Amino acid sequence: MKKKIWSALLGIAVLGGLWGMTNTAQAATPYKTVKLNWYIETTLLRSVNAQKSINIWNRAHTKKLGNLKTYPNVTWTSTARLHLKHGNTYSWYYRVDGQIGHNQIKQGYVWHGFMEEGLANDMLTRRYTGLWLFKRNADYNKYVKLSPSQGTTRAILKLFPNSPLTLDLSQIAIIKDGRYSSDDIVLPVMHPKTANYQKLKTFPTITKYLKKSRNQPTATRIKQVKKLLAAEGYGAAKRKSLKNYQVGLEIIDHSSTNKYHDYNGYAFVVAQLK
């Protein structure tokens, strides 16, 4: 299933024959490969500093294939790490691929210290990025803030002025009360930290309504969501008074302009952090 999801969501081809490496001056002699470690799962990476000049090298570290600074908004996929030796120095490099244009893939090697696990703006601003792809709470919040499909999510969060959205609780929401149009978009592998929460509250009447009302305007939906929250004992005063509570929420609406890939999904809980 994961291979199918990666193909559908990332659109990144299986690696070809270009290779690349660090940000030092071009080496006079090739680097020697000590070890190549393949990952069981593909890792998503971004530059630690999108404004910094960071070279992408070939495998021998003798040719520059590009620079990360040229692609500040690209999320890079990595399927392996390479351990290299040059003289008496040993270093780890990520083998990376990045989609830099329509049907254009940049491939190579980058020193591991110049990259970090996380998503860049190409995935944080798209209509749909699956919850299971996020590793950082800040990335998920940025996606909700920037994605054109997240208007209803943003409106619901405003109803809980003192309760932040968190990635951990959103993953828990999928398990507790998730309603999805396809198994392909449910988090394939997750280990939510349920032990960190207490007084967890699900809202099945709201997730059912959101699924039913997906073609209605956001304002209309929020008006009804307020009524449903009040009926559950979560009126405006109650929501404002919540102390040390967090929100777990994923809304997938109009995820694609292609009707055959227009997934939908809804998960919503609140809980108190222990």
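To be clear, the structure that these remarks concern was listed above.
An account of the accompanying structure is given in this report. (Residues numbered from 1 in each chain as written. Predicted model: local features only at pLDDT ≥ 70, side-chain atom pairs only at ≥ 80, totals over all residues. Heavy atoms only, no water.)

1. Quick word on the pairing of strand 4 (residues 76-86)
Relative to strand 4, strand 1 (residues 32-47) is paired through nine bridges, and the arrangement is antiparallel. Looking across to strand 4, one finds that L45 is bridged to W76. Where strand 4 and strand 5 (residues 89-101) come together, 10 bridges link them in antiparallel fashion. Following the sheet pairing, H83 is matched in strand 5 by W92. Counting the residues in the hairpin turn of strand 4 and strand 5 gives two residues, including G87, whose phi is positive at 70 degrees. (Pairing = 2+ DSSP bridges. Helix = DSSP H or I, 4+ residues; strand = E, 2+ residues; numbered from the N terminus.)

2. Some remarks on the pattern of salt bridges
Evaluation of the coordinates by the stated rule reveals six salt bridges. Note that E116 is salt-bridged to R136, the shortest N-O span being 3.6 Å. In this pair, E116 is assigned in strand 7 (residues 115-117) and R136 in the loop between helix 2 (121-124) and helix 3 (137-146), connecting sequence segments 20 residues apart. Note on E116: relative accessible area 25%, which makes it partly exposed. On the basis of relative accessible area, R136 is assigned to the partly exposed category, the value being 32%. With a closest N to O distance of 3.1 Å, D177 and R179 form a salt bridge. With relative accessibility at 22%, the residue R179 sits in the partly exposed group. Shared partners join several salt bridges into a network, and the residues in it are R46, E116, R136 and D139. (Salt bridge = Lys/Arg side-chain N within 4 Å of Asp/Glu carboxyl O. Buried < 20%, exposed > 50% of the residue type's maximum accessible area, 1.4 Å probe, protein only.)

3. Let's talk about the packing of helix 6 (residues 204-212) against helix 7 (residues 218-231)
Helix 7 packs onto helix 6 with a crossing angle of 165 degrees between their chain directions and a minimal axis gap of 10 Å. If you check the angle between helix 6 and helix 7, you find them roughly antiparallel. Seen along the crossing, helix 6 lies across helix 7 with a hand that is right-handed. On the side of helix 6, the interface is formed by T205, I206, Y209 and L210, while helix 7 contributes T220, R221, Q224, V225, L228 and L229. By residue class, the composition of the contact of helix 6 with helix 7 is six nonpolar, three polar and one charged. (Axes fitted to C-alpha atoms, helices over the stretch in contact; angles between N-to-C directions. Parallel < 35°, antiparallel > 145°, perpendicular 65-115°, else oblique. Left-handed = near helix turned anticlockwise from the far one by under 90°. Contact = heavy atoms within 4.5 Å. Nonpolar A, V, L, I, M, F, W, Y, C, P; charged D, E, K, R; others polar.)

4. Examining the side chain of H83
Tracing the backbone through its elements, the reader meets H83 in strand 4. Setting aside chain neighbours within four positions, we find H83 in contact with K32, T33, V34, K35, Y90, S91 and W92.

5. Things to note about helix 5 (residues 167-177)
In terms of burial, helix 5 is largely enclosed, as eight of its 11 residues are buried. Every buried residue of helix 5 is accounted for by L167, L169, S170, Q171, I172, A173, I174 and D177. Those residues of helix 5 hidden inside the fold are in contact with helix 3, strand 8 (179-180), strand 9 (197-202), helix 6, strand 10 (245-252) and strand 11 (265-273). Two or three places before L169, at the start of helix 5, stands the capping residue T166, its side-chain oxygen 3.3 Å from that residue's backbone nitrogen. (Polar contact = N/O pair within 3.5 Å; in protein donor to acceptor, adjacent residues only side chain to side chain.)

6. Here we look at empty space enclosed by the protein
Empty space left among the atoms is revealed by rolling a probe the size of a water molecule over them. Enumeration over the complete set of coordinates arrives at one cavity of 30 Å³ or more. Empty space within the largest cavity amounts to approximately 30 Å³. Surrounding the largest cavity, Y128, T129, Y140, Y143, Q150, E250, I251 and I252 form its lining. The biggest single contributor to the lining of the largest cavity is strand 10, with three residues. Residues belonging to the lining of the largest cavity are distributed by class as follows: five nonpolar, two polar and one charged. (1 Å grid on protein atoms, 1.4 Å probe; cavity = no way out; pocket = protein on both sides within 12 Å on 5 of 7 lines; lining within 4 Å. Points joined across faces, edges and corners; volume = space filled by probe spheres on them.)

7. A look at the environment of Y234
Secondary-structure assignment places Y234 in the loop between helix 7 and helix 8 (236-241). Given a relative accessible area of 9%, Y234 falls into the buried group. Separated by 74 residues in the primary sequence, Y234 and F160 have C-alpha atoms spaced 9.8 Å apart. Apart from residues lying up to four places away in sequence, Y234 is in contact with K201, F203, L229, R239, L242 and V270.

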